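Each chain, letter by letter, is given below.
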Amino acid sequence: MQESPKKILVIEDDNVTRNLYLMGLEAKGFDTIGADNGLAGIQQAQEHIPDLVICDITMPDMDGYSVLTTLRQDPVTAIIPFIFLTGSSTKADVRKAMELGADDYLTKPSTLDELLRAIAIRLQKQATLQYWWAMKLEKAPKSVFADNTKAIAVGGGVGVGEAVATLRASASGTEASGRETSVREAPDTEIMIPPKSIFPYIPQLKEVFDFIEANYHLGITLCDVAVAVGYSPAYLTNRVAKQTGETVNCWIVKRRMAGARFLLQNNEQTVEKIAKALGYQDVSHFSRQFRQHHGLPPQAWRKEHQLVSQKQVKIWQNC
């Protein structure tokens with residue numbers, strides 16, 4: 001099956017420049033849409049959902065920055081690659097464009113070849129990210145510790161006594177409350193204590209935190225979360241930081257650290273295996289982050305807290 005041509009939206013108030021780009025892109029096999037001002041460009045983007053947007057910055061009524069901000073706030077258009085075209089090349093202008101979530105920045109005059117190279121790079125990056133994420137969701141093996149780290153409260157919400165009670169109840173077929181369960185009737189059912197979430201309750205960010213909770217052990221990054229929830233990385237970072245005081249990457253690390261605490265305290269797996277189960281490719285990276293958050297390297301923290309856990313278990317068993 002032949003792939004349909006990519007759709008490019010060009011927002012440019014200068015008729016000569018706009019038509020030049022439109023004709024050049026059409027000659028290269030792209031489907032094109034033109035808009036002569038920012039408001040018309042937003043309407044075209046929302047109606048046609050182009051594969052990429054090229055936009056001038058300096059335009060009457062609504063400038064390119066406002067166009068980008070508006071598109072990034074709409075989940076439908078938030079992840080469309082966006083390239084600015086402008087006559088200004090100051091560091092302040094470039095920085096502002098990048099902070100708003102632009103994917104590239106070309107200064108005028110730009111040749112058609114320069115524009116085509118920028119388009120090709122952005123479209124390839126988008127396609128690679130989408131393919132990589134699709135394959136990751138489809139083929140990534142489930143972490144051997146994923147259920148355990150979610151089964152018992154992370155970050156200290158449930159004591160070790162309750163954890164042991166739950167595990168013993170699972171083995172004996174009796175819940176911690178004393179109610180009998182039928183292991184034979186439901187052999188695949190695990191008795192678990194719902195975790196106390198480390199994430200704040202913010203309805204507007206529920207999708208973000210749910211995605212992190214479900215996938216933190218797969219080595220996800222800010223870009224993965226952004227693709228999953230339909231926003232640009234820059235916009236998502238600003239949104240989460242404004243509402244929580246922390247970045248998306250910070251929340252991913254916090255969730256991994258919560259899982260690390262539970263695994264270090266409740267099993268004898270090596271630090272290397274725990275790091276891999278939490279999505280780290282490099283155990284040294286895991287150890288550095290753990291020490292930054294806890295003041296001790298993982299192995300030293302484990303020894304200290306396993307002694308405390310053993311004392312708690314003995315107290316629980318004698319009750």
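As shown above, the structure is provided for reference.
Residues numbered from 1 in each chain as written. Predicted model: local features only at pLDDT ≥ 70, side-chain atom pairs only at ≥ 80, totals over all residues. Heavy atoms only, no water.

Colleague: Outline the nonpolar core, listing residues and values.
Modeller: Core analysis: the largest hydrophobic core is formed by 36 residues, its most contacted members being Val 208, Ile 212, Val 225, Leu 236, Val 248, Leu 278 and Phe 286. Ranked by residues supplied to this core, first place goes to helix α11 (residues 248–266) with nine residues. With residues up to four places along the chain from it excluded, the contact list for Val 248 reads Ile 212, Leu 222, Val 225, Leu 236 and Val 240. Within the second largest apolar cluster, 21 residues are counted, among which are Ile 33, Ala 45, Val 53 and Leu 71. (Core = buried A, V, L, I, M, F, W, Y, C linked by side-chain atoms within 4.5 Å. Buried < 20%, exposed > 50% of the residue type's maximum accessible area, 1.4 Å probe, protein only. Helix = DSSP H or I, 4+ residues; strand = E, 2+ residues; numbered from the N terminus. Contact = heavy atoms within 4.5 Å.)

Colleague: I'd love a proper account of unusual backbone geometry, names of residues and values included.
Modeller: A positive phi is found at Ile 49, a non-glycine position, where the angle reads about 45°. When you line up the elements, Ile 49 lands in the loop between α2 (38–48) and β3 (52–56). One non-glycine residue with positive phi stands out, namely Asp 61, at about 70°. Mapped onto the fold, Asp 61 is located in the loop between β3 and α3 (64–73).

Colleague: Just give me the short version of the pattern of salt bridges, but keep the residues and values in it.
Modeller: Opposite charge on two side chains makes pairing possible when the charged atoms of those side chains draw close. All told, the structure shown has six salt bridges when counted by the stated rule. One salt bridge in this structure joins Arg 255 and Glu 213, with 2.7 Å as the shortest N-O distance. One end of the pair, Arg 255, is in helix α11; the other, Glu 213, is in helix α8 (residues 206–215), with 42 residues separating them in the sequence. Three or more residues are tied together by salt bridges with common partners; here these are Glu 12, Asp 56 and Lys 108. (Salt bridge = Lys/Arg side-chain N within 4 Å of Asp/Glu carboxyl O.)

Colleague: Any details on the packing of aromatic side chains? Residues and values, ideally.
Modeller: Within this structure, the stated rule accounts for nine aromatic pairs. Centre to centre, the rings of Phe 82 and Phe 84 are 5.0 Å apart; their planes meet at 75°, and the pair counts as edge-to-face. Take Phe 82: its relative accessible area is 1%, and that puts it in the buried class. Taking relative accessible area as the criterion, Phe 84 reaches 0% and is therefore assigned buried. On the numbers, 4.8 Å between centres and 15° between planes, the contact of Phe 199 with Phe 209 is stacked. Separated by ten residues along the polypeptide, Phe 199 in the loop between α7 (160–172) and α8 and Phe 209 in helix α8 bring together distant segments of the chain. Exposure remark for Phe 199: the relative accessible area of 11% places this residue in the buried category. Its relative accessible area of 4% is what places Phe 209 among the buried residues. (Phe/Tyr/Trp six-rings, centres within 6.5 Å; stacked < 30°, edge-to-face > 60°.)

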